[in-house]
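# Inside the fold
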Amino acid sequence: MKIIRSLEDPLLPLKNTVVTIGNFDGVHLGHREIFRRLLAAARHRGGAATVLSFVPHPLEVLAPHRAPRLINTYAEKERLIEASHIDYLVCLPFTSELARMAAHSFVEEVLTGRLGLAHLIVGYDYRFGKGREGDIPFLVEKGLEMGFGVEILKPISHNGQVYSSTFIRKLIAEGKVDEVVPYLGRHFKLDGTVRHGFRRGRVLGFPTANLIPDAKIIPRPGVYAVKVRCRGRVWDGVLNIGYNPTFSQNELSVEVHILDFSEIIYDEKIVLFFVQRLRDEARFHSRGELHRAIERDVGQARELLKNTRIIEYREYLHGDGETAGKGNRG
């Protein structure tokens, strides 16, 4: 896949492209279905499958107070889209100038003039341009005028729920990490770098790796059963997200106890795969009480994780994600 990050990129102008447009946060199974249709249409027409997205998310420019915490980092999104066998990913910088561009100018200058649009695939409720004036009837009319096809996709759903980045973010924010798998198509994960912490876990007999997570949505505070990828291996773990109320800590922390692991990994990158939420974070009256609670968490996590197989994008992109996504045991 070739990535274009500017309308002045030397790869432009393109020719005979089949284009879909969106933010594609999470690259969930609904997006995957759109990409499958995009590829089929492109191959049928002998054209290039092209995904047009924007960086940053438009709301970060238009309404920063409403901008969502993203499911993926931009680098993750690029890897996921590339694994879908897309030919071109166009990541346009979203600026106030682009937001003010009239819909007809965007079609004429960007879609046809620079991207060589031959066929456009968009959702039934897609709108764009200054004041969101570019709706479906407008696109159909412009297609007839300028000679490109317009294909309108109906909502894509699972068990009556439309695949939606907003819905998936809501589940993650509520801590329902096990429920995202049938929609995201894989386990939600956090990447991060291990930093020095307060060493309280080591004193309690449960040493933890304190994580500086990449900038993305973080699940609701609480205790989670997780899988941990570290130094090329996958381990079971118990993760705490929160403010350590027993120790009156004010800063949000993300710290994981990796089961049966004793290596020093400061400043190294690890990956956390969320399997299930175990309980709320709680304040304990003594270290002994906290120790016993962690023992229960570890026992519960061991039982839960022993038969859990992590689902990653490599699996579902090869065709078995819709099946695999219905369960996390195997």
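Residues numbered from 1 in each chain as written. Predicted model: local features only at pLDDT ≥ 70, side-chain atom pairs only at ≥ 80, totals over all residues. Heavy atoms only, no water.

## Some words on the overall build of the protein chain
Scanning the protein chain from terminus to terminus reveals eleven helices and 14 strands. Across its three principal axes, the protein chain shows a C-alpha extent of roughly 75 × 40 × 35 Å. Among the 330 residues that make up the protein chain, the fraction classed as buried is 52%. Relative to all contacts within the protein chain whose residues are 6 or more apart in sequence, the contacts with residues 24 or more apart total 71%. When the accessible surface of the protein chain is summed, it comes to about 15,600 Å², and 51% of that surface belongs to carbon and sulfur atoms. (Helix = DSSP H or I, 4+ residues; strand = E, 2+ residues; numbered from the N terminus. Buried < 20%, exposed > 50% of the residue type's maximum accessible area, 1.4 Å probe, protein only. Contact = heavy atoms within 4.5 Å. Areas by Shrake-Rupley, 256 points an atom, 1.4 Å probe, with all protein chains shown as cover.)

## Remarks on the nonpolar core
Core analysis: the biggest nonpolar cluster contains 51 residues, and Phe188, Leu239, Val256, Ile270, Leu272 and Phe274 have the highest contact counts within it. Considering each element in turn, this core owes the most residues, seven residues, to helix H1 (residues 29-45). Ignoring sequence-local partners within four residues, the contact set of Phe274 consists of Val177, His187, Phe188, Lys189, Leu190, Pro219, Tyr224, Ala225, Val226, Leu239 and Ile241. (Core = buried A, V, L, I, M, F, W, Y, C linked by side-chain atoms within 4.5 Å.)

## Thoughts on the sheet that holds strand E12 (residues 233-242)
Here we have six strands rolled up into a closed barrel, ordered E9-E10-E13-E12-E11-E14, and antiparallel in their pairing. Shown here is a sheet whose adjacent strand axes are inclined to one another by a mean of 45 degrees, direction ignored. Here six bridges tie E12 to strand E13 (residues 253-258), and the two strands are oriented antiparallel to one another. In the strand pairing of E13, Gly242 is matched with Ser253. (Pairing = 2+ DSSP bridges. Axes fitted to C-alpha atoms, helices over the stretch in contact; angles between N-to-C directions.)

## Some details on the sheet that holds strand E6 (residues 149-153)
The parallel open sheet is built from six strands, whose spatial order is E1-E4-E3-E2-E5-E6. The outermost strands of the open sheet, each flanked by one partner alone, are strand E1 (2-4) and E6. Direction aside, the axes of adjacent strands within the sheet are offset by 25 degrees on average. Of the pairings in the sheet, the one linking strand E2 (residues 17-21) to strand E5 (residues 117-123) comprises four bridges and is parallel in character. Of the residues in E5, the one forming a bridge with Val19 is Leu120. Along the sheet, helix H5 (residues 103-112) contacts E2, strand E3 (48-55), strand E4 (88-93) and E5; its crossing angle with E3, the most-contacted strand, is approximately 120 degrees.

## Focus: the confidence of the model for the protein chain
Overall, the prediction assigns the protein chain a mean pLDDT of 89, with 90% of residues at 70 or greater. Predicted confidence is poor over residues 319-330, with pLDDT under 50, and the contacts of this stretch with residues over four places away or in other chains come to 22 contacts. (pLDDT = per-residue confidence, 0-100.)

## Some words on helix H6 (residues 136-146)
All of the buried residues along H6 are Ile136, Phe138, Leu139, Lys142 and Gly143. Along H6, the residues classed as buried sweep out an arc of 155 degrees about the axis, all on the same side. Of the exposed residues in H6, those oriented more than 90 degrees away from the buried face are Pro137, Glu141, Leu144 and Glu145. Contacts made by the buried residues of H6 are with H5, E5 and E6. Where H6 ends, the next residue or the one after it, Gly147, has phi of about 90 degrees, a positive value. (Arc of directions from axis to C-beta.)

## Describing the environment of Val150
Mapped onto the secondary structure, Val150 falls in strand E6. Take Val150: its relative accessible area is 24%, and that puts it in the partly exposed class. C-alpha of Val150 to C-alpha of Val122: the two residues are 28 residues apart in sequence and 7.8 Å apart in space. If sequence neighbours within four positions are ignored, Val150 has contacts with His119, Leu120, Leu139 and Val140.

## Points about the pattern of salt bridges
Scanning the entire structure with this criterion turns up 23 salt bridges. The salt bridge partner of Arg231 is Glu263, with a shortest N-O separation of 2.4 Å. Here Arg231 is found in the loop between strand E11 (222-230) and E12, whereas its partner Glu263 is found in the loop between E13 and strand E14 (269-279), with 32 residues between them in sequence. Accessibility expressed as a relative area gives 39% for Glu263, which makes it partly exposed. Asp297 is the salt-bridge partner of Arg279, the closest N and O atoms lying 2.8 Å from each other. Of the two residues, Arg279 is situated in strand E14 and Asp297 in helix H10 (residues 287-305); the sequence distance between them amounts to 18 residues. On the basis of relative accessible area, Arg279 is assigned to the partly exposed category, the value being 22%. A relative accessible area of 5% means that Asp297 is categorised as buried. Within the structure, one salt-bridge network assembled from shared partners comprises Glu76, Lys189, Asp191 and Lys216. (Salt bridge = Lys/Arg side-chain N within 4 Å of Asp/Glu carboxyl O.)

## Topic: the environment of Phe188
Its place among the elements puts Phe188 in the loop between helix H8 (181-184) and strand E9 (189-195). Taking the C-alpha atoms as reference points, Phe188 and Gly222, separated by 34 residues in sequence, lie 16 Å from one another. Once you skip the residues sitting within four places of it in the chain, Phe188 turns out to touch Ile71, Ile172, Val180, Lys216, Ile217, Pro219, Leu272, Phe273 and Phe274.

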